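The chain contents come next:
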Amino acid sequence: MYRSHSCGELRASNNNQEVVLSGWVQKVRDKGFVIWADLRDRYGITQLIFDEERTSKELLEQARSLGREFVIQIKGTVIERSSKNPNIATGDIEVLVKELKVLNKALVPPFTIEDKTDGGEDLRMKYRYLDIRRNPVKNNLIFRHKVAMEVRKFLSDEGFIEVETPYLIKSTPEGARDFVVPSRMNEGQFYALPQSPQTFKQLLMVGGMDKYFQIVKCFRDEDLRADRQPEFTQIDCEMAFVEQEDILNVFEKLTKYLLKEVKGFEIERFPRMTYDEAMRTYGNDKPDIRFGMEFGELNEVAQHKEFGVFNDAELVVGIAVPGAATYTRKEIDALIDWVRRPQVGAKGMVYAKYNEDGSFKSSVDKFYDQEDLAKWAAATGAKPGDLICVLSGDANKTRSQLSALRMELAERLGLRNPEEFAPLWVIDFPLLELDEETGHYHAMHHPFTSPKPGQLELLDSDPGAVKANAYDLVLNGNEIGGGSIRIHDKDMQATMFKHLGFTPEEAKAQFGFLMDAFQYGAPPHGGLAFGLDRLVAILGGQETIRDFIAFPKNNSGRDVMIDAPAKIDNEQLKELHLKLDLKA
Ligand code: ASP
């Protein structure tokens, strides 16, 4: 028997009990005639005491040879501590060691296994198994487990069945590049790893499963923008015989349930906002509504004066930054520099201070009098003491620049409280999105999403205007879930592929299986998927998904611990009928 108790278990009520513990040596304090060691496992820390008088000199010597992270087993007696530690659960007791066995020695770890470690990110990733011993990482993984368990419990109770779908499949276009796997048995052919189980879950609906879910890995070969992972986890769901409303209701209930179970946070109905409204009001299809600073469009009140920059702009739009009228010239200049960074891309920023005394002071006083500026204040909802920040230019670009500024300022002003949760549904997404580079439309959600009833005609005349039965669940400025009501009719699906630029042959070659299935009695169906990693991170009060993944990849898609990806040897290549054609 390695242990009678865990290292987090013993209390004063165990005093005088003989116990066996196993774990890692957190630290050793040598006072000469007595040595204390902290023994750690997943459950906590127990203080061990080696005492020359009460045990033996040899044992003391043995304890002296212990190093950090040694794996040991001890036998001893629980005794009351003379100085108690109220900060840890086992702080009332210590274990007077009678026998010590080193189960495994350890090298000195490359960073301290403490809550606040001295190890940088790269080092911790290389030795992730040591990082996982630290409370912050360990607790995140336990938290993730808890969320996943609650998800499974809720969905099972609602009648959903978890069905596994294959990883070796054919491409599912969800807007990213596929990871591919060469087939040894089928020379020159490749599997693709699923970007999501999209087509399979639809086929499960054709198969009559009615309500499906799966906590599942998805793979997307994207350039890793901040905080994305090439493999990530979805809570993937699909339901038959449903309309958008049915889906929103079930998953609103799930989200409420999770907020309540894991955070003790209660919330009534989630607000709903159309995509157009979200873009107009927040410049963003995943608005953070924990705070205001809503956009005020200023075209009407700011154009047709002498200020050419505004007159030439498609959109003039501003936000009122609460309490920021006191910003110094230097602070405002820094903000202007911030919006001009290439990542944001604004040309400049006009501002107006709405002073506490009701007067205005702006960077464009030459063109606008107090009365004009009062109109800006009315349009942006500014109050005395606020700073009005105004951007202008191409409508879409300006909205996204102002959205970036809004988020940055909210962050600086501490308005993004991680313990507050503000979910909402964004609905009525456009069906198609214009790719500015190629001039082609592609599916904004994915090609299986149905257009809103009655909008089919628009597909030819004004494709960009067609709205879809598509929705996102947004939480604190992050898209945590998204889905749609699907096309379940073969002809409609064929029309959709045509509009996405597939020839009938290409559509048949890639998606024949789905369109065939639609001919055998496909029920109306729809669903959505949550990003589990991000959901867990937000519920955990953080925004970095990497901290909630046991073995994440770095920004170059590498696992630096196992050193993947890696070369394979020539034999393997030959077996796969592959020849490399490397540049260097
Ligand atoms: N497959 C979609 C995605 O991964 C979700 C859905 O439409 O259900 O975003």
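Just so it is clear, the model here is predicted, and its values are computed rather than measured.

Draft legend 1. Molecular detail of the overall build of the protein. Across its full length, the protein holds 17 helices and 22 strands. Looking at the 584 residues of the protein, the share that counts as buried comes to 48%. Once local pairs closer than 6 in sequence are excluded, the contacts in the protein between residues at least 24 apart make up 66%. On the protein, roughly 29200 Å² of surface is accessible, and the fraction owed to carbon and sulfur atoms is 50%. The average position of the 76 basic charges and that of the 93 acidic charges among the side chains of the protein differ by 5 Å.

Draft legend 2. Up close: helix 4 (residues 135-157). Along its 23 residues, helix 4 runs 32 Å from first to last C-alpha, staying within 8% of the 33 Å computed at 1.5 Å per residue. Elements in contact with the buried residues of helix 4: helix 3 (128-131), strand 9 (211-219), strand 10 (231-240), helix 6 (244-263) and helix 16 (532-539). Two residues or fewer after helix 4 comes glycine 159, characterised by a positive phi angle close to 95°.

Draft legend 3. Region of the structure containing the site of the ligand. Contacts to the ligand come from 14 residues, most closely from Gln198, Lys201, Gln234, His445 and Arg486. At a separation of 3.0 Å, a nitrogen atom of the ligand approaches a polar side-chain atom of serine 196. Glutamine 198 places a side-chain nitrogen or oxygen 2.7 Å from a nitrogen atom of the ligand. For the ligand, the protein covers 92% of the area, taking 280 Å² as the surface of the free molecule. Secondary structure elements with two or more residues in the shell around the ligand: helix 5 (198-206), strand 21 (478-485) and strand 22 (525-531). Residue contributions to the shell around the ligand peak at three residues, all from strand 22.

Draft legend 4. Summary view of the pairing of strand 16 (residues 387-393). Burial of strand 16 is extensive: six of the seven residues sit out of reach of the surface. Two elements, strand 13 (residues 315-321) and strand 16, share seven bridges in a ladder whose sense is antiparallel. Residue pairing across strands places valine 317 opposite leucine 391, the latter belonging to strand 16. Pairing analysis gives four bridges linking strand 14 (residues 350-354) to strand 16, with the strands arranged antiparallel. If you follow valine 350 over to strand 16, its bridge partner there is valine 390.

Draft legend 5. Molecular detail of the sheet that holds strand 12 (residues 296-297). Spatially, five strands are ordered 12-13-16-14-15 in an open sheet, and the strand pairing comes out antiparallel. Either end of the sheet is taken by a strand with one partner, and the two such strands are strand 12 and strand 15 (360-362). With respect to the sheet, helix 11 (residues 370-380) is in contact with strand 12, strand 13, strand 14, strand 15 and strand 16, its orientation differing from that of strand 15 by roughly 95°. Where helix 12 (residues 395-412) meets the sheet, it contacts strand 12, strand 13 and strand 16, and its direction lies at approximately 10° from that of strand 13.

Draft legend 6. Looking closely at the environment of lysine 553. Following the sequence through the fold, lysine 553 ends up in the loop between helix 16 and helix 17 (570-575). Measuring from C-alpha to C-alpha, the distance between lysine 553 and alanine 564 comes to 9.1 Å, with eleven residues separating the pair along the chain. Every residue in contact with lysine 553, bar those within four places of it in the chain, is listed here: Gln229, Pro230, Glu231, Arg546, Arg558 and Asp559. A polar contact is formed between the side chain of lysine 553 and the side chain of glutamate 231, at a distance of 2.9 Å.

Draft legend 7. Structural context of the environment of phenylalanine 50. Residue position: phenylalanine 50 is located in strand 3 (residues 44-51). Classification of phenylalanine 50 as buried rests on a relative accessible area of 0%. A sequence separation of 342 residues divides phenylalanine 50 from serine 392, and the C-alpha atoms of the two residues are 72 Å apart. Excluding residues within four positions of it along the chain, phenylalanine 50 makes contact with Phe33, Val34, Ile35, Ala37, Leu59, Leu60, Ala63, Val97 and Leu100.

Draft legend 8. Structural view of the pattern of salt bridges. Scanning all chains against the criterion turns up 39 salt bridges. Residues aspartate 131 and arginine 134 are paired through a salt bridge, measuring 2.7 Å at the closest nitrogen-oxygen approach. The exposure class assigned to arginine 134 is buried, which follows from its relative accessible area of 6%. For the salt bridge of lysine 201 with glutamate 238, the shortest nitrogen-to-oxygen distance reads 3.5 Å. Within this pair, whereas lysine 201 is found in helix 5, its partner glutamate 238 is found in strand 10, the two being separated by 37 residues in sequence. We classify lysine 201 as buried; its relative accessible area is 1%. When salt bridges with common partners are traced through the structure, they connect Glu121, Arg124, Arg128, Asp131, Arg134 and Arg546 into a single cluster.

Draft legend 9. Local environment of empty space enclosed by the protein. Scanning all chains against the criterion turns up one cavity of 30 Å³ or more. What the largest cavity holds in volume is close to 60 Å³. Lining the largest cavity, in full, are Met125, Arg128, Phe551, Pro552, Lys553, Asn554, Arg558, Asp559, Val560 and Met561. Looking at the lining of the largest cavity residue by residue, the class counts come to five nonpolar, one polar and four charged.

Draft legend 10. The side chain of arginine 124, seen in detail. As for its placement among the helices and strands, arginine 124 is situated in helix 2 (residues 121-126). Residue class for arginine 124 comes out buried when judged on its relative accessible area of 16%. Once residues within four sequence positions are removed from consideration, arginine 124 is found in contact with Phe111, Thr117, Gly119, Asp131 and Arg134.

Draft legend 11. Spatial organisation of the side chain of glutamine 401. Positionally, glutamine 401 belongs in helix 12. Contact partners of glutamine 401, with chain neighbours within four places excluded, come to Val344, Gly345, Ala346 and Leu391.

Draft legend 12. Summary view of the pairing of strand 4 (residues 71-80). By the criterion of burial, strand 4 is predominantly enclosed, with seven of the ten residues buried. Across seven bridges, strand 1 (residues 18-30) lies against strand 4 in antiparallel orientation. Bridge pairing in strand 4 links glutamate 18 to threonine 77. Strand direction decides the pairing type here: strand 4 and strand 5 (residues 93-104), joined by ten bridges, are antiparallel. Paired with glutamine 73 across the two strands is lysine 101, which belongs to strand 5.

Draft legend 13. Expanded view of the packing of aromatic side chains. Taken as a whole and judged by the stated rule, the model has 20 aromatic pairs. Relative to tyrosine 471, the ring of tryptophan 425 has its centre 6.2 Å away and its plane inclined at 85°; by these criteria the two rings are edge-to-face. Of this pair, tryptophan 425 sits in strand 17 (residues 423-427) while tyrosine 471 is found in strand 20 (residues 470-475), placing the two residues 46 residues apart along the sequence. In this structure tryptophan 425 comes out as buried when scored by relative accessible area, which is 0%. The exposure class assigned to tyrosine 471 is buried, which follows from its relative accessible area of 1%. Pairwise contacts between aromatic rings join Phe307, Phe310, Phe367, Tyr368 and Trp376 into one cluster.

Analysis parameters
- The numbers attached to residues start from 1 for each chain and follow its sequence in the written order.
- Local features in a predicted model are, by the rule used here, given only for residues with pLDDT of at least 70; side-chain atom pairs are given and counted only at 80 or more, and totals for whole chains, interfaces and linings are based on all residues.
- Side-chain numbers here rest on the full set of heavy atoms in the structure, without hydrogens or water.
- Helix and strand assignments follow DSSP, with helices taken as H or I runs no shorter than four residues and strands as E runs no shorter than two, numbered in order from the N terminus.
- Any residue under 20% of the maximum accessible area for its type is buried, any over 50% is exposed, and the rest in between are partly exposed; the area is computed with a 1.4 Å probe on protein chains only.
- Pairs of residues are marked as contacts when any of their non-hydrogen atoms sit within 4.5 Å.
- Accessible areas in this description were obtained via Shrake-Rupley with a 1.4 Å probe; residue shielding takes into account the shown protein chains only.
- Charged-residue counts in this description rest on Lys and Arg as positive and Asp and Glu as negative, His and the chain ends being excluded.
- To locate a charge, take NZ of a lysine, CZ of an arginine, CG of an aspartate or CD of a glutamate.
- Every helix has an expected span of 1.5 Å times one less than the residues it contains.
- Any residue with a non-hydrogen atom lying within 4 Å of a molecule or strand is treated as near it.
- Counted as a polar contact is a pair of N or O atoms within 3.5 Å, where, for protein atoms, one must be capable of donating a hydrogen and the other of accepting one, and residues adjacent in sequence contribute only when both atoms are in side chains.
- The rule for pairing is simple: two strands pair if DSSP sees at least two bridges between them.
- Angles shown run from 0 to 180 degrees and are taken between the N-to-C directions of axes, each axis being a line fitted to C-alpha atoms and, for helices, limited to the stretch in contact.
- Salt bridges, as used here, are contacts in which a Lys or Arg side-chain nitrogen is within 4 Å of a carboxyl oxygen on Asp or Glu.
- With a 1 Å grid laid over protein atoms only, a set of points is called a cavity when a 1.4 Å probe fits there but cannot get out and a pocket when it is open yet has protein on both sides within 12 Å along at least five of seven lines; lining residues have an atom within 4 Å of a point.
- Grid points are joined across faces, edges and corners, and a volume is the space filled by probe spheres set on the points.
- All residues other than Ala, Val, Leu, Ile, Met, Phe, Trp, Tyr, Cys, Pro, Asp, Glu, Lys and Arg, Gly among them, are scored as polar; the first ten of these are nonpolar and the last four charged.
- Each Phe, Tyr or Trp ring, with Trp reduced to its six-membered ring, pairs with another whose centre is within 6.5 Å; inter-plane angles below 30 degrees give stacked pairs, above 60 give edge-to-face pairs, and intermediate values give tilted ones.

On their own, these measurements won't tell you what the molecule is for.
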